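The chain contents come next:
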Amino acid sequence: ARHAPAGAMMRDVGPDHIRSYMHARVSQGKANESDPSNGTVRKRHAIVKMLFSWAEENNFVDENSAEAVSKPKKEKKEKTFFKTEEDLEKVLRAIDAYRKEREGKPGEMPHHGWLKNMICVAVGTGLRRGELLNLRWRDVDLDPAGEGPPGRLVVRSREDFKPKNGDERTVPFGRRYALKTLQKMQDAREPAPEDPVFVQKHGVQPHPNTVTIRFKDYVCMTDLPYREESCFHTT
């Protein structure tokens, strides 16, 4: 609506209005304002095209104006990763800052400590989103016997989950984030061996899409230069 004339009906929206929306700056007017990435422009085009397809089917418009707008070709880019510990800390601080901002306001308070925990363990182990959500406490060994640094995880196959390449494996804690985070989680919950490691409020497991969306939301609240291209595997 912001990119169409005031009071415009759907029939009044043309290709130029759609292009204006597709290429609008991200976080406009804020400190982290930036040009949209290729992926964002492509996503906006897909959303508008889907909206006008629905409108055409229901006789709200005579034609799909988005079909007259070219969709940018997908760019081939290198995968992005947290470059430094400070990059990681920026995202963790964004989660805390959003919760603080919501204090005293209407609506449910965000409880995204579970996401902070997932991010820290992902950074410390290199596990993917599905592998983290599949973890049970019996897969976590915080004090293994023998020499060497403590801490390792076992990535297992289950009836509804197969690890990447289908191989079960043992993963040592490569960085302090994972071990400290899991120790703190275990002390707070005293979980049973078959309990999922990562749960939301009331013990409900997060949906994979919830992890992806929430992570992206918080990364976009930072000033990281690659925030538009980031995904959970950025960890």
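Since we're looking at a predicted model, the values are computed, not measured.

Each value, and the rule that gives it
Residues numbered from 1 in each chain as written. Predicted model: local features only at pLDDT ≥ 70, side-chain atom pairs only at ≥ 80, totals over all residues. Heavy atoms only, no water. Pairing = 2+ DSSP bridges. Helix = DSSP H or I, 4+ residues; strand = E, 2+ residues; numbered from the N terminus. Phe/Tyr/Trp six-rings, centres within 6.5 Å; stacked < 30°, edge-to-face > 60°. Lys NZ or Arg CZ within 6 Å of the ring centre and 35° of its normal. Axes fitted to C-alpha atoms, helices over the stretch in contact; angles between N-to-C directions. Parallel < 35°, antiparallel > 145°, perpendicular 65-115°, else oblique. Left-handed = near helix turned anticlockwise from the far one by under 90°. Contact = heavy atoms within 4.5 Å. Nonpolar A, V, L, I, M, F, W, Y, C, P; charged D, E, K, R; others polar. Buried < 20%, exposed > 50% of the residue type's maximum accessible area, 1.4 Å probe, protein only. Core = buried A, V, L, I, M, F, W, Y, C linked by side-chain atoms within 4.5 Å.

K.L.:
How do you make sense of the sheet that holds strand E1 (residues 140-141) when you look at a structure like this?
P.N.:
The strands making up a sheet associate through hydrogen bonds between their backbones, and the pairing can be parallel or antiparallel. The strand order across the open sheet formed by 3 strands is E1-E2-E3, and the pairing between neighbours is antiparallel. Unpaired on one side and paired on the other, E1 and strand E3 (169-172) mark the two borders of the sheet. Relative to strand E2 (residues 152-155), E1 runs antiparallel, the two sharing 2 bridges. By the bridge assignment for E2, Asp-141 is matched with Arg-152.

K.L.:
Explain the packing of aromatic side chains here, please?
P.N.:
Here the distance between the centres and the angle between the planes together describe a pair of aromatic rings. The tally for this structure, following the rule as stated, stands at 2 aromatic pairs. For the pair Tyr-98 and Tyr-218, a centre-to-centre distance of 6.0 Å together with 70° between the ring planes defines the contact as edge-to-face. Pair noted here: Tyr-98 is in helix H3 (residues 85-102) and Tyr-218 is in helix H7 (residues 208-219), with a separation of 120 residues, a long-range link. Sitting over the ring of Tyr-21, Arg-44 keeps its end group 5.5 Å from the ring centre.

K.L.:
Quick question: what am I supposed to make of the packing of helix H1 (residues 15-22) against helix H2 (residues 38-57) here?
P.N.:
Each packed pair of helices is defined by two parameters, the angle between the axes and the distance between the axes. Close contact between H1 and H2 brings their axes to 9 Å; oriented N to C, the two are set at 140°. Judged on the interaxial angle alone, H2 and H1 are oblique. With respect to the hand of their crossing, H1 and H2 are arranged in right-handed fashion. Of H2, the residues touching H1 (which contributes Ile-18, Tyr-21 and Met-22) are Val-41, Arg-44, His-45 and Val-48. Here the residues of the contact of H1 with H2 are counted per class, giving 5 nonpolar, 1 polar and 1 charged.

K.L.:
Sorry if this is basic, but what is going on with unusual backbone geometry here?
P.N.:
Of all residues except glycine, most have a negative phi; of all peptide bonds, most are trans. Unlike most non-glycine residues, Ser-27 shows phi in positive territory, near 55°. Position of Ser-27 among the secondary structure elements: in the loop between H1 and H2. On the accessibility criterion, Ser-27 (23% relative accessible area) is partly exposed. Here Glu-190, not a glycine, exhibits a phi torsion of approximately 50°, which is positive. Tracing the chain through its elements places Glu-190 in the loop between helix H6 (176-189) and H7. The exposure class of Glu-190 is exposed, given its relative accessible area of 67%.

K.L.:
Sorry if this is basic, but what is going on with the packing of H3 against helix H4 (residues 113-125) here?
P.N.:
Contact geometry for H3 and H4: axes closest at 10 Å, N-to-C directions at 170°. It follows that H3 is roughly antiparallel to H4 by the angle criterion. Where H3 abuts H4, its residues Leu-88, Val-91, Leu-92, Ile-95 and Asp-96 lie against Leu-115, Lys-116, Ile-119, Cys-120 and Val-123. Of the residues contributing to the contact of H3 with H4, the split by class is 8 nonpolar, no polar and 2 charged.

K.L.:
Explain the nonpolar core here, please?
P.N.:
Nonpolar side chains in soluble globular proteins tend to be buried together. In terms of nonpolar packing, the biggest core is built from 38 residues, with Phe-82, Ile-119, Leu-132, Leu-182 and Phe-232 touching the most fellow members. When residues of this core are traced back to their parent elements, those giving at least two are H3, H4, helix H5 (129-134), E2, H6 and H7. The element best represented in this core is H4, accounting for 8 residues. For Leu-182, the contacting residues outside a window of four places in its chain are Val-121, Trp-137, Val-140, Leu-142, Leu-153, Phe-173 and Val-197. One finds Ile-18, Val-48, Phe-52 and Val-69 within the second-largest nonpolar core, a separate group that totals 10 residues.

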